[in-house]
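As a plain string of letters, each chain reads:
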Amino acid sequence: AKLAAWSAEGLATLQGDPRFYTTSVAMDDVDDVRAALGYDKINLYGASYGATAAQYYLRQHEDHVRAVVFDGGTLLDVPVFERMPANSQRALDILFSRCESDPACHAAFPAVRDEFATVMARLEDAPVTLPMVDPATGQPAVVDASLLAEATHQALVDRSYLAVIPSLVHAAYEGDWARLLQSSSSSSSTDSGEGLLVMSQIIRCSEAWARFDPAETARSGSGSYLVDAEVAGAQNQAALCAVLPAGVVPADDAKAVRSDVPALFLVGEADPQDPPANIADAPKDLPNSVTVVVPGQAHTVGHLGCMPGVVSSFIDAGTAKGLDVSCMATGVPLPPFVTSSG
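From a predicted model like this one, the values you see are computed outputs, not experimental measurements.

1. Looking at the environment of Tyr161
- Tracing the backbone shows Tyr161 in helix H8 (residues 159–162).
- On the basis of relative accessibility, which here comes to 27%, the residue Tyr161 falls in the partly exposed class.
- For the pair Tyr161 and Trp209, spaced 48 residues apart in sequence, the C-alpha separation works out to 28 Å.

2. Considerations on the packing of aromatic side chains
- Summed over the entire model, instances satisfying the criterion amount to six aromatic pairs.
- Centre to centre, the rings of Phe116 and Tyr225 are 5.6 Å apart; their planes meet at 80°, and the pair counts as edge-to-face. With Phe116 in helix H6 (residues 112–125) and Tyr225 in the loop between helix H12 (214–220) and helix H13 (227–241), this residue pair connects regions lying 109 residues apart in the sequence. As far as the burial class goes, Phe116 and Tyr225 line up, both buried.
- Connected via pairs of aromatic rings, a cluster forms that spans Tyr49, Phe81, Trp209 and Phe212.
- A cation over a ring is seen here: Arg59 above Tyr56, with NZ or CZ 5.0 Å from the ring centre.
- We note Arg204 situated over the ring of Phe81; from NZ or CZ to the ring centre the distance is 3.9 Å.

3. Brief notes about a negative patch on the surface
- Taken together, Asp40, Glu62, Asp63 and Asp260 make up a surface patch of like negative charges.
- Structurally, Asp260 is set in the loop between H13 and strand S5 (263–268).
- Residue Asp260 is classed as exposed on the basis of its relative accessible area of 53%.

4. Points about the sheet that holds strand S6 (residues 289–294)
- If you walk across this open sheet you meet the four strands as S1-S2-S5-S6, and the pairing is parallel. The strands lining the two open edges of the sheet, one partner per strand, are strand S1 (42–47) and S6. Between one strand axis and the next, the sheet turns by 10° as a mean value, whatever way the strands run.
- By the bridge criterion, four bridges tie strand S2 (residues 65–71) to S5 in an arrangement that is parallel.

5. Looking at the state of the cysteines
- Under the definition given, this model contains three disulfides.
- Bridging Cys99 to Cys105, the disulfide has an S-S length of 2.0 Å. Disulfide Cys99-Cys105: torsion about the S-S bond near -90°, hence left-handed. For the pair formed by Cys99 and Cys105, the shared burial category is buried.

6. Observations regarding the environment of Ala86
- Mapped onto the secondary structure, Ala86 falls in helix H4 (residues 84–101).
- Sequence spacing of Ala86 and Thr330 is 244 residues, and the spatial spacing of their C-alpha atoms is 28 Å.

7. A few points about the confidence of the model for the chain
- Overall, the predicted model of the chain reaches an average pLDDT of 91, with 90% of residues at or above 70.
- In the model, residues 186–195 has pLDDT below 50 throughout and makes eight contacts with residues more than four positions away in sequence or in other chains.

8. What about helix H7 (residues 145–157)?
- Helix length check: H7, at 13 residues, gives a terminal C-alpha distance of 18 Å against a target of 18 Å (1.5 Å per residue), a fit within 8%.
- Along H7, 10 of the 13 residues are buried, which leaves the element largely enclosed by surrounding structure.
- Turning to H7, its buried residues are Ala145, Leu147, Leu148, Ala149, Ala151, Thr152, His153, Ala155, Leu156 and Val157.
- With a side-chain oxygen lying 3.3 Å from the backbone nitrogen of Ser146, the N-terminal cap of H7 falls on Asp144.

9. So, the packing of H6 against helix H9 (residues 165–173)
- At a minimum axis distance of 9 Å, the contact between H6 and H9 shows a crossing angle of 50°. With respect to their mutual orientation, H6 and H9 come out oblique. Seen from above, H6 lies across H9 with left-handed handedness. Note on element contacts: H9 touches H6 through Pro166, Val169, His170, Ala172 and Tyr173, opposite Val112, Glu115, Phe116, Thr118, Val119 and Arg122.
- Residues belonging to the contact of H6 with H9 are distributed by class as follows: seven nonpolar, two polar and two charged.

10. A word on the packing of H6 against H7
- Relative to each other, H6 and H7 sit at 145°, their axes nearing to 8 Å. Within the contact between the two elements, H6 uses Phe116, Val119, Met120, Leu123 and Glu124 and H7 uses Ala145, Leu148, Ala149 and Thr152.
- Its residues assigned to classes, the contact of H6 with H7 comprises seven nonpolar, one polar and one charged.

Thresholds applied
- Residues numbered from 1 in each chain as written.
- Predicted model: local features only at pLDDT ≥ 70, side-chain atom pairs only at ≥ 80, totals over all residues.
- Heavy atoms only, no water.
- Helix = DSSP H or I, 4+ residues; strand = E, 2+ residues; numbered from the N terminus.
- Buried < 20%, exposed > 50% of the residue type's maximum accessible area, 1.4 Å probe, protein only.
- Phe/Tyr/Trp six-rings, centres within 6.5 Å; stacked < 30°, edge-to-face > 60°.
- Lys NZ or Arg CZ within 6 Å of the ring centre and 35° of its normal.
- Patch = residues over 30% accessible without salt bridge, like charges linked within 9 Å, V, L, I, M, F, W, Y side chains within 5 Å.
- Areas by Shrake-Rupley, 256 points an atom, 1.4 Å probe, with all protein chains shown as cover.
- Salt bridge = Lys/Arg side-chain N within 4 Å of Asp/Glu carboxyl O.
- Lys, Arg positive; Asp, Glu negative; His and termini not counted.
- Charge placed at Lys NZ, Arg CZ, Asp CG, Glu CD.
- Pairing = 2+ DSSP bridges.
- Axes fitted to C-alpha atoms, helices over the stretch in contact; angles between N-to-C directions.
- Disulfide = S-S within 2.5 Å.
- pLDDT = per-residue confidence, 0-100.
- Contact = heavy atoms within 4.5 Å.
- Expected span 1.5 Å × (residues − 1).
- Polar contact = N/O pair within 3.5 Å; in protein donor to acceptor, adjacent residues only side chain to side chain.
- Parallel < 35°, antiparallel > 145°, perpendicular 65-115°, else oblique.
- Left-handed = near helix turned anticlockwise from the far one by under 90°.
- Nonpolar A, V, L, I, M, F, W, Y, C, P; charged D, E, K, R; others polar.

Quick look at the structure:
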């Protein structure tokens, strides 16, 4: 109800028509910029949602694309949000397996997988109120299962947190909630309504790739630590979408992009949002593409280690054929696990 009221009030203050705040319209604007600059063909680089936007541009303006890099993206006919719980569980399992096979991490946290399950079960039974103020709300800090799930997912997204997740899990298991709250306080939440971008919400309510059905999310995410939090998010989004106007989308919005333009897909093996499975059909849809899966890494990898060189070589050549990607095996190192409590 709060989100719906906030959205109605916010829409009333807009000077533009929010129905046109969609990716397809934005990509037509990008093409106008291309034309105004006098370029016939351009190279595209899209990371995360940028990879979604780049697919729209490719579908609408293929004749003007020389080559395209998709970094941490999902194909347009794959429901990324509905698959998030299962994909995030997979990423967490990969991380726990890495800890179990790492001598230092395993020695420090030999039961990290069981500790995480135990902490989740405890919080489902009874949330914990801390003798401290949550800096994000100014209220007494309360840790519940949803907060732990959302904080874990955000940590899995961000490579800089991967090395500390086992230590945070162990700290929570030991009753040290302060570290968990500190690590999660900077993550955003759609529950407050503060700072929501209208374009983002119009896109999520209108474009096929962003569908977020609560029942399908629950079904496909069964068994995931994140499923309850994501089902709640899907329900909140449904309430929000009920008061937003439908955005302008193309007739083929639900279809995958099919093109012969040279394409390079970059993906972290342990991406909890846009994993390799979300681009499995890339060779069929984009036959002149190459997919590079970087071991152990999280969301978006084009800026890491040797990957900028791979991207540069691809753009220089204008083709994925013969592209040397051998450096990904050792050229994108993961930070060592943090095994201290500091």
